[in-house]
Structures are given as structure tokens and as C-alpha cells.
Amino acid sequence: MGGCGKGKGGSDVIRARRRTQQNQNRHPSITVTRTTQDRMAEGTVSLAEVESSFQKFAMHGDTKATGKEMTGKNFVKLCKDCKVIDGKSITSTDVDIVFSKVKAKTARVITFEQFCQALAELAPKRFKGKGQEEALQLLYGLIAGKEPANVGVTKVAKAGAVDRLTDTSKYTGSHKERFDETGKGKGKVGREDIPDTSGYVGAYKGQGTYEEKVKEDK
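In this report, the structure presented in the accompanying data block is examined. On a predicted model such as this, the values are computed, not experimentally measured, just so you know.

**A look at the packing of aromatic side chains**
For any pair of aromatic rings, the description consists of the separation of the ring centres together with the inter-plane angle of the planes. A complete count under the given rule lists five aromatic pairs for this structure. Taking the centre distance of 5.0 Å and the plane angle of 50° together, the rings of Phe54 and Phe115 count as tilted. Placement of the pair is Phe54 in helix 3 (residues 47-59) and Phe115 in helix 6 (residues 112-126), with a sequence separation of 61 residues. We note that Phe54, like Phe115, is buried. Both rings, one in Phe75 and one in Phe99, keep their centres 5.8 Å apart while their planes meet at 35°; by these two values the pair is tilted. Here the residue Phe75 occupies a position in helix 4 (residues 72-81), and Phe99 occupies one in helix 5 (residues 92-102), the gap between them amounting to 24 residues. Judged by its relative accessible area of 0%, Phe75 falls in the buried class. The side chain of Arg126 reaches across the aromatic face of Phe127, ending 5.0 Å from its centre.

**With respect to the state of the cysteines**
Per the stated rule, a full pass over the model turns up zero disulfides. Unpaired in terms of disulfides, Cys79 finds its nearest cysteine sulfur in Cys82, a separation of 7.6 Å.

**Observations concerning the nonpolar core**
Formed by 34 residues in total, the largest nonpolar core has its most connected members in Val50, Phe75 and Phe115. For this core, the secondary-structure elements that each account for two or more residues are helix 3, helix 4, helix 5, helix 6 and helix 7 (132-143).

**What to know about the environment of Lys68**
Locating Lys68 in the fold gives a position in the loop between helix 3 and strand 1 (69-71). With 41 residues separating them in the primary sequence, Lys68 and Val109 have C-alpha atoms 9.6 Å apart. Setting aside residues no more than four positions away along its own chain, Lys68 makes contact with Phe54, Ile110, Thr111 and Phe112.

**Here we look at the packing of helix 5 against helix 6**
Where helix 5 contacts helix 6, the two axes come as close as 9 Å, and the packing angle between them is 135°. Our classification of the angle between helix 5 and helix 6 gives oblique. Helix 6 is crossed by helix 5, and the crossing has right-handed handedness. Seen from helix 5, the contacting residues are Asp94, Val98, Lys101 and Val102; seen from helix 6, they are Gln114, Gln117, Ala118, Glu121 and Leu122. Grouping the constituent residues of the contact of helix 5 with helix 6 by class yields four nonpolar, two polar and three charged.

What counts, and where the lines are drawn
- Residues numbered from 1 in each chain as written.
- Predicted model: local features only at pLDDT ≥ 70, side-chain atom pairs only at ≥ 80, totals over all residues.
- Heavy atoms only, no water.
- Phe/Tyr/Trp six-rings, centres within 6.5 Å; stacked < 30°, edge-to-face > 60°.
- Helix = DSSP H or I, 4+ residues; strand = E, 2+ residues; numbered from the N terminus.
- Buried < 20%, exposed > 50% of the residue type's maximum accessible area, 1.4 Å probe, protein only.
- Lys NZ or Arg CZ within 6 Å of the ring centre and 35° of its normal.
- Disulfide = S-S within 2.5 Å.
- Core = buried A, V, L, I, M, F, W, Y, C linked by side-chain atoms within 4.5 Å.
- Contact = heavy atoms within 4.5 Å.
- Axes fitted to C-alpha atoms, helices over the stretch in contact; angles between N-to-C directions.
- Parallel < 35°, antiparallel > 145°, perpendicular 65-115°, else oblique.
- Left-handed = near helix turned anticlockwise from the far one by under 90°.
- Nonpolar A, V, L, I, M, F, W, Y, C, P; charged D, E, K, R; others polar.

What follows is the structure, encoded as C-alpha cells:
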């Protein structure tokens, strides 16, 4: 009779466990179940990619951050950008609660180890009907290799503000007189009262028509 380590299946298990041990040596602070470790060792999910994403989000918005600890704000951003928060199974409130649960009592940040604990809490909620290990693998899949989605956000916000400030159709009073009907600035004419030296009476509407009238009389 074949023992646990004999046969093709047994050899596969041994190789997977060896790879698991190697992975655990690279990340000694992470504690997950053997089933999850075996799956990661077999290439289903790369824990290194998950940790890389953790570091990128941990440093987001803070030039002094080392990437080793993550604030609650950045944890929520990660969960939003990586679709962990779906608005149904998991909300921002759920994420805040889990963050408070896994962090140290007086701390305001979480480590990568605590981050993994938080994911273990969120996984069964995000993927209802799945087993704990499968749900955790699926959650890792949402996060692995991702980075903060912030390209163009600031630019769009500024553009909107500038558009509102430069919409001359909403100007009133003296400011309104500084632009013509197309929104083009009138320059000095729009800022100062320049004396009319044309010789015509103010508000006279026939300026420039004298020569045409003389021709008609002839």
C-alpha cells in the first residue's frame, strides 16, 4: 500500500509543500492555512504581487511613507480601486470596521500581516457561497498586481474649477463688461472708461453714416 508521500500524487504534494515552505521563508510574518499556501505555491496567486500592491497603496499620497504600514484611508482606497468594495456584499463601512478590528489598539496603521488578516475577514463576505480558502484566493486575485488609480483625477478636478471661473456668461456687474458676447476679453476697453474723442454725442447711433448720407443726397 502506498504511503502519504509515495506515488505521483504524493510527489506532487511533497513538491507543493516544499514550494510552500520556500514562500513562507520569504514572508515569515504571514500566517495562512496550508491549503492557501499550497495554492499560492502552485502559482494560483502570487503573494509577492499582493504585497507589492499593498506597498504601492500604503505609500500613496505620502512621500515619506515606507510602504510597510497602511493607513485606514489608503486601505479604503485599495478596497475601492481593486473592487473589493462592491457596494452590496462589502461597503466602505465594512472595510472601516475590519480595519479597526485587525489594527493594534492604539495604532492608526496596519502592517502587511494585519492586512492579510483583514482580507481573511472580508473574503467570505465578498464571495458568498464560496469556501474560505477559495474566497480568499479570489480576493487575492482582485488585489495582486494592482496600483492606485489616480491618473488624471487631479487634472479633471482642476479643469472643472477653471471652467466655472472662466465662464463669462455667469459674470455680473462691471466684470460682465470686460468681455464681448463671444467671451473674448475687451482688454483696456473693458477695464477703464476711455473718453470718446470721435466728436459724436454719447449714445448716438448714427456714427459713421454721414458720408453715406452725403452720397445719397447727391
